[in-house]
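The chain contents come next:
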Amino acid sequence: MSWFQNLFSRRNNRIEASPIFIAGCGHSGTSILLAILDAHSKIHAIPGETKIAVQDSQWKFNQAIKKFDRMTLKEGKTRWIEKTPNNIRHLEKILNWLPEAKILLIIRDGRDVALSIKKRTGSLEKGIDRWLEDNADGRPFWNHPNVHVLKYEDLITNFENTVKSVMSFLDEEYEPAMKDYHETPKQWYSDKIEKPESAVKKNHKQHRNWQINQPLFDGRGQWKDLSPEEIALINEKAGEMLTELGYS
């Protein structure tokens, strides 16, 4: 965006660059991805989860877009990114109402997702069912030109190339500072950054806020702590999709 376009946008409270949405099953790395992109000099992360695509009113959707534009310009940036995992169930709506939108769809090993959800809710079966349903909703859009699919595991093992691929999709330059996202304190989910005693119930939001303020953490393979019976249940319900996505 040229200086003149930027000045025009500021005077009219408008953002010219395509907005960005993050989607994916919860516990798949959506918050960490948001924090990484927020460290870019041009991109402003909308704090928390707005659930912008959940409601059925296009007028309310458009009003939220205008609000995000104002927030972004106030921060001195030229583009915004919104993250609500449940966006994955509303991709058609987002693309119909905002055809220029760019969507980042992040996928993670369903076994690790199921375990993470079990730690929060107490139900492994609920976790694997959610992973199956959410990724089934996202699958029809994997090849859409406005959708970029990435894996949490690639973010961990090949950070620079994975993020460079994301930035190429967004038509933005990769910035090395993005890997140091944790150096800027964030209070998106809680006003506390300290790690709570547990990650469940009333402590969940504080735990999430603590996580996004930490260096990138390798959360792969935690499912190996599950019992043989639990692993068998996951394989029975989700074995086909796990194999399809490369998680054998």
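Anything mentioned here points back to the structure above.
Residues numbered from 1 in each chain as written. Predicted model: local features only at pLDDT ≥ 70, side-chain atom pairs only at ≥ 80, totals over all residues. Heavy atoms only, no water.

Engineer: Let's hear about the packing of helix H6 (residues 124–138) against helix H10 (residues 228–244): which residues, and what values?
Structural biologist: Relative to each other, H6 and H10 sit at 5 degrees, their axes nearing to 10 Å. The orientation of H6 relative to H10 falls into the category roughly parallel. The segment H6 lies against H10, with Leu124, Glu125, Ile128, Asp129, Trp131, Leu132, Asn135 and Ala136 engaging Glu230, Leu233, Ile234, Lys237, Ala238, Met241 and Leu242. Counted by class, the contact of H6 with H10 contains ten nonpolar, one polar and four charged residues. (Axes fitted to C-alpha atoms, helices over the stretch in contact; angles between N-to-C directions. Helix = DSSP H or I, 4+ residues; strand = E, 2+ residues; numbered from the N terminus. Parallel < 35°, antiparallel > 145°, perpendicular 65-115°, else oblique. Contact = heavy atoms within 4.5 Å. Nonpolar A, V, L, I, M, F, W, Y, C, P; charged D, E, K, R; others polar.)

Engineer: Break down the pairing of strand S3 (residues 79–83) for me, with residues and values.
Structural biologist: Among the five residues that make up S3, five are buried, leaving the element largely enclosed by the rest of the structure. Burial along S3 is two-sided: the face carrying Arg79, Ile81 and Lys83 and the face carrying Trp80 and Glu82 are both buried. Judged from the three bridges that link them, strand S2 (residues 43–45) and S3 form a sheet pairing that is parallel. Bridged to His44 within S3 is Trp80. With helix H3 (residues 58–74) bridging S2 and the parallel S3, this β-α-β connection has right-handed handedness. (Buried < 20%, exposed > 50% of the residue type's maximum accessible area, 1.4 Å probe, protein only. Pairing = 2+ DSSP bridges. Right-handed = clockwise from strand over helix to strand, strands pointing away.)

Engineer: Hey, could you go over H3 for me, with residue numbers and the actual values?
Structural biologist: Given 3.6 residues to a turn, an α-helix orients residues that are three or four positions apart in the same direction. In a regular helix each residue adds 1.5 Å, so 17 residues correspond to 24 Å; H3 covers 24 Å between its end C-alpha atoms and thus fits that length. The complete set of buried residues in H3 reads Phe61, Ala64, Ile65, Phe68, Asp69, Thr72 and Leu73. Looking one or two residues past H3, Gly76 carries a phi angle of roughly 75 degrees, positive in sign. (Expected span 1.5 Å × (residues − 1).)

Engineer: Which residues make up the sheet that holds strand S4 (residues 102–107), and what values do they have?
Structural biologist: Strands sit in the order S2-S3-S1-S4-S5 across an open sheet of five strands; the sheet is parallel. The two strands at the open ends of the sheet, each matched to only one other strand, are S2 and strand S5 (147–151). For this sheet the average axis-to-axis angle between neighbouring strands, irrespective of direction, equals 25 degrees. Note: strand S1 (residues 20–23) against S3, three bridges, orientation parallel. The partner of Ile22 across the bridge, within S3, is Lys83.

Engineer: Describe helix H5 (residues 110–121), naming the residues involved and giving the relevant values.
Structural biologist: For H5, spanning twelve residues, the distance from its first C-alpha to its last is 16 Å, which sits close to the expected 16 Å at 1.5 Å a residue. Three or more residues of H5 are buried, namely Gly110, Arg111, Asp112, Val113, Ala114, Leu115 and Ile117. Gly122, located one to two residues past H5, shows a positive phi value of around 90 degrees.

Engineer: Can you break down the layout of surface pockets residue by residue, with the values?
Structural biologist: Considering only enclosed or pocket space, the largest pocket measures out at about 1,000 Å³ in volume. As for the largest pocket, its lining consists of 40 residues, and the residues nearest its centre are His27, Arg108, Ser116, His207 and Gln211. If you list the elements that add at least two residues to the lining of the largest pocket, you get helix H2 (30–38), H5, H6, helix H7 (152–157) and helix H9 (204–211). Counted by class, the lining of the largest pocket contains 13 nonpolar, 15 polar and twelve charged residues. (1 Å grid on protein atoms, 1.4 Å probe; cavity = no way out; pocket = protein on both sides within 12 Å on 5 of 7 lines; lining within 4 Å. Points joined across faces, edges and corners; volume = space filled by probe spheres on them.)

Engineer: Let's hear about the side chain of Lys83: which residues, and what values?
Structural biologist: You can see Lys83 is positioned in strand S3. We classify Lys83 as buried; its relative accessible area is 0%. Of note is the side chain of Lys83, whose polar atom sits 3.0 Å from the side chain of Ser31. Of the polar contacts made by the side chain of Lys83, one reaches the side chain of Glu49; its length is 2.6 Å. With near-sequence residues (within four places) excluded, Lys83 lies in contact with Ile22, Thr30, Ser31, Leu34, Gly48, Glu49, Tyr189 and Arg208. (Polar contact = N/O pair within 3.5 Å; in protein donor to acceptor, adjacent residues only side chain to side chain.)

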